Amino acid sequence: MCNRLSEWSVRLFKRQRGKTFDLRYENTRQQAIIASASWFLWVNILFSCVVLLRAYFNQSVEVVLLDGTISLIYLPVLAIMVIAGGILYILFFVPNRQALWLWSMLRIVMVVLSLLWCITLFMLFSSGGRPIIFALASLLLLTSLVSLYFDARIWFCFSVPLEITIIALCLVYPSYITVTNVLAYLSLTLLVESARRMLNNWFILALRREQENIDLINRLEIQANCDPLTGLANRRAFQLLLDKTIQRKNAQQGTFAMIMVDVDKFKNYNDFYGHQAGDDCLVQVASVMENAVRRYHDMVARFGGEEFIILLPEATEPDALDVALRIHRLLEEKTLEHQASDVAPLVTISMGISCSDNNNVKKDENTLLLQADTALYQAKHSGRNRVSIAEF
């Protein structure tokens, strides 16, 4: 299993790392936009209140409505307040704030709010509010920068109409064009866009650092659960899976099996061929067992020295016996020479099988390990190179 985890980690880190980061970037950006949208909508409501107060004390542009008059500046500003308040209500009560439709809705809302602010700026300019045009437009651009820099498209949807409106006002009222104003507008545009790029780069850099930390944690987790020599799961990983398997068995009245494995006369092999050859032998035996198990969630672990243990979740005694016999057959096909053995001229193994029962009797891990170890002892005592099944 640990070998499979290692192969999976290599594919993850080397082949799919970019794809994984891109997906994480998109999800994080979406979450950031939705989280900051509430603040930006409140800012729009605040600015609308400021414009309404000014219009209330400086009513100069009016339009007749049915039975009275109302300042024309009220209309787009009131629309901004209604739309912003409605979206805040939706964001507050929506059950899933990560829904894709919510992100799409926010893009449309930003375009609508920007157009309404364009109309408001034009009316302010027409009604003698030229001194506050640049200040209001600057505040809108800067606050949108703070909350929308994660997504260039959303920010452009809000900022570009505002900038076009300022340029259009200068063209419509050429008498107000001055070198200072033109330089100020251009400087503001360049400043805001460069700031957006810088903030977005910092955002991406922070995500990359976080992804690197996650990758490092995953690598360390894999290394902590793997035997460095054979690449199999180590005893720690085996213990974790065994605990989960026992809990599942006791909760669902299922069954599972364990196979304790020992390489016959391995000390003699080390003394005769050397420790490096002994390590190579263990690696090849581990490979045989990995190829013999039934499916992905079966675990082969190195228990210590030349001992291995195989955990077979949802397996019966016949299933475990089939796996053990398959290991014997594949090991024979390997034909690993062992001249120092009095069991056979090739490397052989002895195995003990322990199986949990499927009745209401609950067995702890120590009992199951003891049964497997006892069965292994019986196999070795009976001449080695065989399989023994524990008696309940």
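Residues numbered from 1 in each chain as written. Predicted model: local features only at pLDDT ≥ 70, side-chain atom pairs only at ≥ 80, totals over all residues. Heavy atoms only, no water.

(A) Expanded view of the overall build of the protein chain. Helix and strand content of the protein chain: 12 helices and 7 strands. Looking at the protein chain as a whole, 45% of its 392 residues are labelled buried. Restricting to contacts in the protein chain with at least 6 residues of sequence separation, those with at least 24 account for 73%. Surface accessibility of the protein chain: about 20600 Å² in total, with carbon and sulfur atoms responsible for 61%. (Helix = DSSP H or I, 4+ residues; strand = E, 2+ residues; numbered from the N terminus. Buried < 20%, exposed > 50% of the residue type's maximum accessible area, 1.4 Å probe, protein only. Contact = heavy atoms within 4.5 Å. Areas by Shrake-Rupley, 256 points an atom, 1.4 Å probe, with all protein chains shown as cover.)

(B) Representation of helix H8 (residues 235–252). Across its 18 residues, H8 extends 25 Å between first and last C-alpha, which sits within 8% of the 26 Å expected from 1.5 Å per residue. Every buried residue of H8 is accounted for by Ala237, Phe238, Leu241, Leu242, Thr245, Ile246, Lys249 and Asn250. Against the buried residues of H8 lie strand E3 (256–263), strand E4 (299–304), strand E5 (307–313) and helix H12 (365–381). Near the N-terminus of H8, the side chain that reaches the backbone nitrogen of arginine 236, with its oxygen 3.2 Å away, is that of asparagine 234. (Expected span 1.5 Å × (residues − 1). Polar contact = N/O pair within 3.5 Å; in protein donor to acceptor, adjacent residues only side chain to side chain.)

(C) A look at the packing of helix H9 (residues 266–273) against helix H10 (residues 275–292). Viewed as axis vectors pointing N to C, H9 and H10 meet at an angle of 135 degrees, and their least axial separation amounts to 7 Å. Judged by the angle between their axes, H9 and H10 are oblique. On the side of H9, the interface is formed by Phe266, Tyr269, Asn270 and Tyr273, while H10 contributes His275, Ala277, Gly278, Cys281 and Leu282. Residue composition of the contact of H9 with H10, grouped by class: 6 nonpolar, 3 polar and no charged. (Axes fitted to C-alpha atoms, helices over the stretch in contact; angles between N-to-C directions. Parallel < 35°, antiparallel > 145°, perpendicular 65-115°, else oblique. Nonpolar A, V, L, I, M, F, W, Y, C, P; charged D, E, K, R; others polar.)

(D) Examining the pattern of salt bridges more closely. In the structure shown here, the tally under the stated rule is 6 salt bridges. The residue arginine 209 makes a salt bridge to glutamate 212 at a minimum N-O spacing of 3.6 Å. Taken together, the residues arginine 209 and glutamate 212, both in helix H7 (residues 179–224) and 3 residues apart, mark about one turn of the helix. A residue is classified by how much of its surface remains accessible, and glutamate 212, at 35% relative accessible area, is partly exposed. (Salt bridge = Lys/Arg side-chain N within 4 Å of Asp/Glu carboxyl O.)

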